[in-house]
Amino acid sequence: MQERSSPNTSVASLITANGERLIQAFHRDITERRRTDELVRELAYYDPLTGLANRMLLKDRLIHSMLAGQRSGNFGALLFLDLDNFKLLNDQHGHGVGDMLLAEVAKRLRNCVRQIDTVARFGGDEFIVLLDDLAGDKAQAHSQADQVAEKVRSLLADPYEMVFTNQDGTTVQHVQHRGSASIGVTLFLGQDSTQDDVLIAADLAMYRAKDMGGNTVCFFDAQMQLANTAKAILRNDLHNGILEKQFSVHYQAQLLGVDKITGVEALLRWRHPTRGWVTPAEFIATAEKTGLILPLGLGVLETACTQLSLWSRRRETAHLTMAINVSARQFHHSDFVDQVLAVLERTGANPNLLKLELTESVLITDVEGVIVKMNLLNAAGISFSLDDFGTGYSSLVYLKRLPLSKIKVAQEFVRDILTDPDVLAIVRMALVLADSMGLEAIAEGVETESQRKVLAGMGCHRYQGYLFSPALPVQEFEALLARA
Ligand code: C2E
Ligand code: MG
Ligand code: MG
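Conventions and cut-offs
Residues numbered from 1 in each chain as written. Chains lettered and ligands numbered in written order. Predicted model: local features only at pLDDT ≥ 70, side-chain atom pairs only at ≥ 80, totals over all residues. Heavy atoms only, no water. 1 Å grid on protein atoms, 1.4 Å probe; cavity = no way out; pocket = protein on both sides within 12 Å on 5 of 7 lines; lining within 4 Å. Points joined across faces, edges and corners; volume = space filled by probe spheres on them. Nonpolar A, V, L, I, M, F, W, Y, C, P; charged D, E, K, R; others polar. Helix = DSSP H or I, 4+ residues; strand = E, 2+ residues; numbered from the N terminus. Near = heavy atom within 4 Å. Polar contact = N/O pair within 3.5 Å; in protein donor to acceptor, adjacent residues only side chain to side chain. Donors = N, O, S within 2.8 Å, 3.2 Å for Na, K, Ca; no water. Axes fitted to C-alpha atoms, helices over the stretch in contact; angles between N-to-C directions. Parallel < 35°, antiparallel > 145°, perpendicular 65-115°, else oblique. Contact = heavy atoms within 4.5 Å. Core = buried A, V, L, I, M, F, W, Y, C linked by side-chain atoms within 4.5 Å. Buried < 20%, exposed > 50% of the residue type's maximum accessible area, 1.4 Å probe, protein only. pLDDT = per-residue confidence, 0-100. Pairing = 2+ DSSP bridges. Phe/Tyr/Trp six-rings, centres within 6.5 Å; stacked < 30°, edge-to-face > 60°. Lys NZ or Arg CZ within 6 Å of the ring centre and 35° of its normal.

Draft legend 1. Spotlight on empty space enclosed by the protein. Taken as a whole and judged by the stated rule, the model has 2 cavities of 30 Å³ or more. In this structure, the largest cavity spans a volume of roughly 50 Å³. Looking at the lining of the largest cavity, its residues break down into 6 nonpolar, 4 polar and 1 charged. Within this model, the second largest cavity holds a volume of roughly 40 Å³. Lining the second largest cavity, in full, are Leu-294, Gly-297, Leu-298, Leu-301, Gln-330, Phe-336 and Gln-339. If you list the elements that add at least two residues to the lining of the second largest cavity, you get helix H9 (293-312) and helix H11 (336-347). With 4 residues, the top contributor of residues to the lining of the second largest cavity is H9. Counted by class, the lining of the second largest cavity contains 4 nonpolar, 3 polar and no charged residues.

Set out below in structure tokens:
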């Protein structure tokens, strides 16, 4: 029996039946299947929103690029891009506008690279540009990659205009946006490093570019790797620290005038078995990033409220207020209000003595939601202070709408108040502002009597700082209180 088949649609064979020679043929229309195959391929390898290569195709191209580099001896480069403030745009104008911006970014990226280069959407607002076949000389390849990255950076920083129209062509929304990107770049040569190493290196460099304020190109260097390893160890230690109860809460006195202790601020302390005392400045940011701030923050709340409840049962401590720091991630957590109310219930602490300290970073996203939460807690008797006032993003419009009762003049202002006339002017303005809004003001980080006098001269009579006391374990604080 002979068989002949055309490549894909027909199969014909010569058969013999009852001594007669016959041709038997099958024909199948596979247009539909082809279309389905293409669609499956599209979905598997391309990002539906932007039409760019997706993560999977990018990884595939990266492997090919590394193999090609191995043969040619030429460098390749990977650019890791993350849009700056994309979340803000999404929150303010909705996902439709966010999607439009992503599509426009994709278009600009495609227009500024060569045909052989790959542009991919890595996820969310992250994009990758893979540059193939650069020079064999490292310095030269570096300069080539830098040129492309700078071009990309500058193109993405051009203003964006997004226009939504109805079916009848009328404009319903018109958004103008000044966007930019943080770009991390790494070079690679053949298979000297793995695919994942290359991606991680570019990602680390991108984070550095973000830290430098965004709209920046940053190349990977070995120092970043070290810093990253250190961070990973810190993350791991934090995790163990929570499990092994290495954290405690210390209390720093807050005063009215020079000798009346009105309350305390609870400050988290970490005693690590080999690192020794680790200050919050070293671990709060990492705890925020990893989400470990949630169990840590809840622990502080629980400990401090238990203490507050104990104090309220003794005459000499019953008047003390308790200030607790709440970080952005904690405050924005959907359970935050319920958790605080549950802790109050469990510990029996008086909500009127509880002051939550928020920094301006809490206000960067979802201000409306923040106001709702603050009002709920306020209704339960809890009041709020704005910590490190003047160092972050403060919009006077929002400030007026927040149910605040106190601002804290930031330590970094108090530090320079005697030496820098500009700082003095800022503090004066902050105090006038607080007064006009009916808010109390407390200065933190007061270290010297001269600083205190200047503050008092401007009408600020509440203080916290080493001039009076550092943060202390509870027994030591109680001893201080007894002496006062
Ligand atoms: P913060 O809330 O502004 O706290 C004041 C910081 O200034 C504390 O540092 C305190 O020890 C320090 N300080 C007080 N008086 C002086 C002074 O006279 N001179 C100087 N140079 N420093 C003074 P600490 O305890 O290292 O905390 C740093 C930051 O970490 C805090 O700033 C707060 O933002 C955060 N933090 C501390 N505990 C917690 C916590 O339980 N939860 C959260 N989310 N953040 C916390
Ligand atoms: Mg504070
Ligand atoms: Mg502060």
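Read on for the rest.
Draft legend 2. A look at the site of ligand 1. Around ligand 1 sit 22 residues in total, of which Arg-269, Asp-387, Gln-411, Glu-447 and Tyr-466 are the nearest. The contact in question runs from a nitrogen atom of ligand 1 to an N or O atom on the backbone of Leu-268, over 3.1 Å. The side chain of Glu-444 places a nitrogen or oxygen atom 3.3 Å from an oxygen atom of ligand 1. Breaking the shell around ligand 1 down by element, the ones donating at least two residues are strand S12 (260-272), helix H8 (280-290), H9 and strand S16 (383-389). Considering every element that reaches the shell around ligand 1, the biggest residue donor is S12, with 4 residues. Class assignment for the residues of the shell around ligand 1 results in 8 nonpolar, 7 polar and 7 charged.

Draft legend 3. Expanded view of the coordination of the magnesium ion (ligand 2). Bound to the magnesium ion (ligand 2) on the protein side are Glu-265 (OE), Asn-325 (OD1), Glu-357 (OE) and Asp-387 (OD), at distances that span 2.0 to 2.2 Å. The sequence motif formed by the donor residues of the magnesium ion (ligand 2) is E-x59-N-x31-E-x29-D.

Draft legend 4. Representation of the packing of helix H2 (residues 55-72) against helix H6 (residues 195-211). Running from amino to carboxyl end, H2 crosses H6 at an angle of 110°, the nearest separation of the two axes being 10 Å. Comparing their axes, H6 and H2 come out roughly perpendicular. Here H2 contributes Leu-58, Lys-59, Leu-62, Ile-63 and Met-66 to the contact with H6, which in turn contributes Gln-195, Asp-196, Val-198 and Leu-199.

Draft legend 5. Highlighting the coordination of the magnesium ion (ligand 3). Taken together, Asp-387 (OD), Asp-388 (OD), Glu-444 (OE) and Glu-444 (OE) make up the protein donors of the magnesium ion (ligand 3), found 2.1 to 2.5 Å from the metal. Between the magnesium ion (ligand 3) and the magnesium ion (ligand 2) the interatomic distance amounts to 4.1 Å, and Asp-387 serves as a bridging ligand to the pair. Taken together, the residues span a long stretch of sequence, with Asp-388 in strand S16 and Glu-444 in strand S18 (residues 440-444) at a distance of 56 residues.

Draft legend 6. The arrangement of the nonpolar core in detail. Within the largest apolar cluster, 81 residues are counted, with the highest numbers of intra-cluster contacts made by Met-322 and Phe-477. Here this core gets 8 residues from one element, more than from any other, and that element is H9. Setting aside chain neighbours within four positions, we find Phe-477 in contact with Tyr-251, Ala-253, Ile-261, Val-264, Trp-311, Leu-320 and Leu-472. Formed by 35 residues, the second largest nonpolar core is a distinct cluster that contains Leu-83, Val-119, Ala-181 and Val-217.

Draft legend 7. Examining the confidence of the model for the protein more closely. For the protein, mean pLDDT is 91; residues scoring 70 or higher make up 97% of the total. Counting contacts from residues 1-7, a segment whose pLDDT is below 50, to residues more than four positions away or on other chains yields 11 contacts.

Draft legend 8. Geometry of the sheet that holds strand S10 (residues 217-219). Taken in spatial order, the 5 strands make up an open sheet running S5-S6-S4-S9-S10, and their pairing is mixed. In this open sheet, the two strands that pair with only one neighbour each are strand S5 (118-123) and S10. In this sheet, adjacent strand axes meet at a mean angle of 25° when their direction is disregarded. Bridging between strand S4 (residues 75-83) and strand S9 (residues 181-189) involves 9 bridges; their strand directions are antiparallel. Considered in S9, the bridge of Phe-80 is made with Gly-184. Sheet contacts for H2: S4, S5, strand S6 (126-131) and S9; angle to S5, the most-contacted strand, approximately 135°. Sheet strands touched by H6: S4, S5, S6, S9 and S10. Its angle to S9, the strand with the most contacts, is close to 145°.

Draft legend 9. The arrangement of the packing of aromatic side chains in detail. This model, assessed by the stated rule, comprises 8 aromatic pairs. A centroid spacing of 5.1 Å and a plane angle of 20° characterise the contact between Phe-247 and Trp-270, whose relative ring orientation is stacked. A residue pair is termed long-range when its members are at least 10 positions apart, and Phe-247 in strand S11 (residues 247-256) and Trp-270 in strand S12 qualify at 23 residues. Side by side, Phe-247 and Trp-270 carry an identical accessibility label, which is buried. Arranged with centres 5.2 Å apart and planes meeting at 50°, the rings of Phe-331 and Phe-336 form a pair that is tilted. For Phe-331, a relative accessible area of 0% translates into the label buried. Accessibility expressed as a relative area gives 2% for Phe-336, which makes it buried. Ring pairing ties together the aromatic residues Phe-247, Trp-270 and Phe-283, which thus form one cluster. Directly above the ring of Phe-122 sits Arg-55, whose terminal nitrogen or CZ lies 4.0 Å from the centroid. Its end group placed over the ring of Tyr-160, Arg-108 keeps NZ or CZ at 3.7 Å from the ring centre.

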